[in-house]
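Fold and contact review
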Amino acid sequence: MSYRHTDKEEPSERKQARAASHLGALSDLRKHGLAENGGKTSGGDTLRNLTPMGLKAASYELGRPVGEMGNPARGAGRTGASHPMVVNEAVLALLRPKPDLSQVAGEPADVLAAAQAAVDAPPGLGTIASYATEAALPATGTWSSPGRGGAQADIVITAPEDGVPLLFVEIDNCYESAQVLAAKIDKYMRFCQRKVKDVDGRERPMWRTRWWVPDGRHADEPHPPLLLVFNRVGPRNPGTVIAQLTELTQRHWQGTAYDGFHMYDGKLPIVATGMKQLQEHGPAGAIFRRFGRPHDQTLLEAIGNPRREAHDARQQAEYAAREREYKEQLRRAAEQKRAEREARRPVCARCGTRFTDARWKAIEPAGWMPYGRPTRTCATTASSAPTPPNAKPSTPSPSTRRAQAEAWRYLALALPQLTQTGPRCQWRLQG
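What counts and how
Residues numbered from 1 in each chain as written. Predicted model: local features only at pLDDT ≥ 70, side-chain atom pairs only at ≥ 80, totals over all residues. Heavy atoms only, no water. pLDDT = per-residue confidence, 0-100. Helix = DSSP H or I, 4+ residues; strand = E, 2+ residues; numbered from the N terminus. Contact = heavy atoms within 4.5 Å. Salt bridge = Lys/Arg side-chain N within 4 Å of Asp/Glu carboxyl O. Buried < 20%, exposed > 50% of the residue type's maximum accessible area, 1.4 Å probe, protein only. Polar contact = N/O pair within 3.5 Å; in protein donor to acceptor, adjacent residues only side chain to side chain. Phe/Tyr/Trp six-rings, centres within 6.5 Å; stacked < 30°, edge-to-face > 60°. Lys NZ or Arg CZ within 6 Å of the ring centre and 35° of its normal.

1. What to know about the confidence of the model for the protein chain
Chain-level statistics for the protein chain give a pLDDT mean of 82 and a share of 79% at 70 or above. At the low end of the mean pLDDT range in the protein chain sits strand β14 (residues 426-429), at 38; at the high end sits strand β8 (residues 226-230), at 98. Contacts from residues 380-385, a stretch scored under 50 in pLDDT, to residues over four places away or in other chains number 1 contact. Taken together, the stretch residues 413-431 has pLDDT below 50 and engages in 16 contacts with residues farther than four places along the chain or on a different chain.

Right, here's the structure in full:
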């Protein structure tokens, strides 16, 4: 974008300086058959449209299929082009392009200030490649040959990187009644409900065969949202129209209450705003009113489900807290079990050394040696030590004798009894 018009005094001079480079580019496009004149607006401005060849060239530059580029507004010049011009303004208000500050280096201070203000403003949605105009949404027929009964979106936005995977935009200049707009919304609903067979043979919504949208939650998969932008140039009051339209289309947008939030499975989210507010605040401003909600929100909040997300976040936090508590209980139980096991660990009767795990395991299953048996080191030392001449044989204590007797009893019960049969003294197990 150029800011070289800001130093001009007359409005006509500023307009000429602002549009000079664009007019030169359009002249080159017209020379090569890529653009054509489309009449004049009510203000006397000349309209230019891309020819089919120009549309194909634009799709190549943007890296998009021709079928997703939309269609030119045919016959716009005959009606003053009020609607197509508002569509262009809506695209700029949603896109909010940023100037390249390096291109205005060395310009006057007011030019730099204007460029910096545009850069510091809240960002818009996507890039120019994210927008398509006059896109057919066929309820019957095909994408290339739509039948009757379908809708035609003024703008289709695909900006998943900014949280808007798919958004339909309908512009109204306040000339149409609420009933006419309700009929248009019925067509949007028919298109969203239409299913076709995909390449894998499964039926899917037709819009999913062209645009990518993340899968929704189970039993809560709404249709792509619809944004209504009211440009108050006609005689109708947008507030009155929106109130009537909300009632007429309630079956399309009303969700089902569930535990503090609503679920919108199979519903069409409808959001309304004004053109002047959109141009001033952009999609980041709290200027969007979703049908059925009492207050304005940002665009991402209006087309989303903040209360459902808050509910899911609370549930996730509660689950994480329960999981942490359960792990802490397991840790405490494991520590208690280790402490109890250490308390039961055998101790050498002579030196007081605790048995190792290997030594404990070696004696524990057999059950034939009581706790208090000397360790290997103590036994070796005791056997190699000389016996004093006047030493008396050691007499085990009563508790030791009882433990030894218990061990031998356990051993006698554990071993099988053998009997002798036959002349060759064959041994067999009894029992």
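2. What to know about the pattern of salt bridges
Taken as a whole and judged by the stated rule, the model has 17 salt bridges. The salt bridge involving Arg204 is made with Asp198; its shortest N-O contact spans 3.4 Å. Relative accessible area serves as the criterion here: at 24%, Asp198 is assigned to the partly exposed category. Note that Arg331 is salt-bridged to Glu328, the shortest N-O span being 2.3 Å. Residue Arg331 and its partner Glu328 are both found in helix α10 (residues 306-344); the two are separated by 3 residues, about one turn of the helix. Given the relative accessible area of 38%, Arg331 is considered partly exposed. Salt bridges here are not isolated pairs; linked through shared partners, they connect Arg217, Asp220, Arg308 and Asp312.

3. Section: the side chain of Thr273
For Thr273, the position within the fold is in strand β11 (residues 270-274). Residue classification places Thr273 among the buried residues on the basis of a relative accessible area of 5%. Among the polar contacts listed, one links the side chain of Thr273 to the backbone oxygen of Ile287, at a separation of 3.0 Å. Excluding residues that lie within four positions of it along the chain, Thr273 makes contacts with Leu227, Leu228, Val229, Phe230, Ile287 and Phe288.

4. So, the packing of aromatic side chains
Summed over the entire model, instances satisfying the criterion amount to 7 aromatic pairs. With a centroid separation of 5.5 Å and an interplanar angle of 70 degrees, the aromatic rings of Tyr258 and Phe261 are classed as edge-to-face. Residue classification places Phe261 among the buried residues on the basis of a relative accessible area of 2%. An aromatic cluster of three or more residues is present, and its members are Trp143, Phe168, Tyr188, Phe191 and Trp211. Between the NZ or CZ atom of Arg290 and the centre of the ring of Tyr264, over which it lies, the distance is 4.4 Å.

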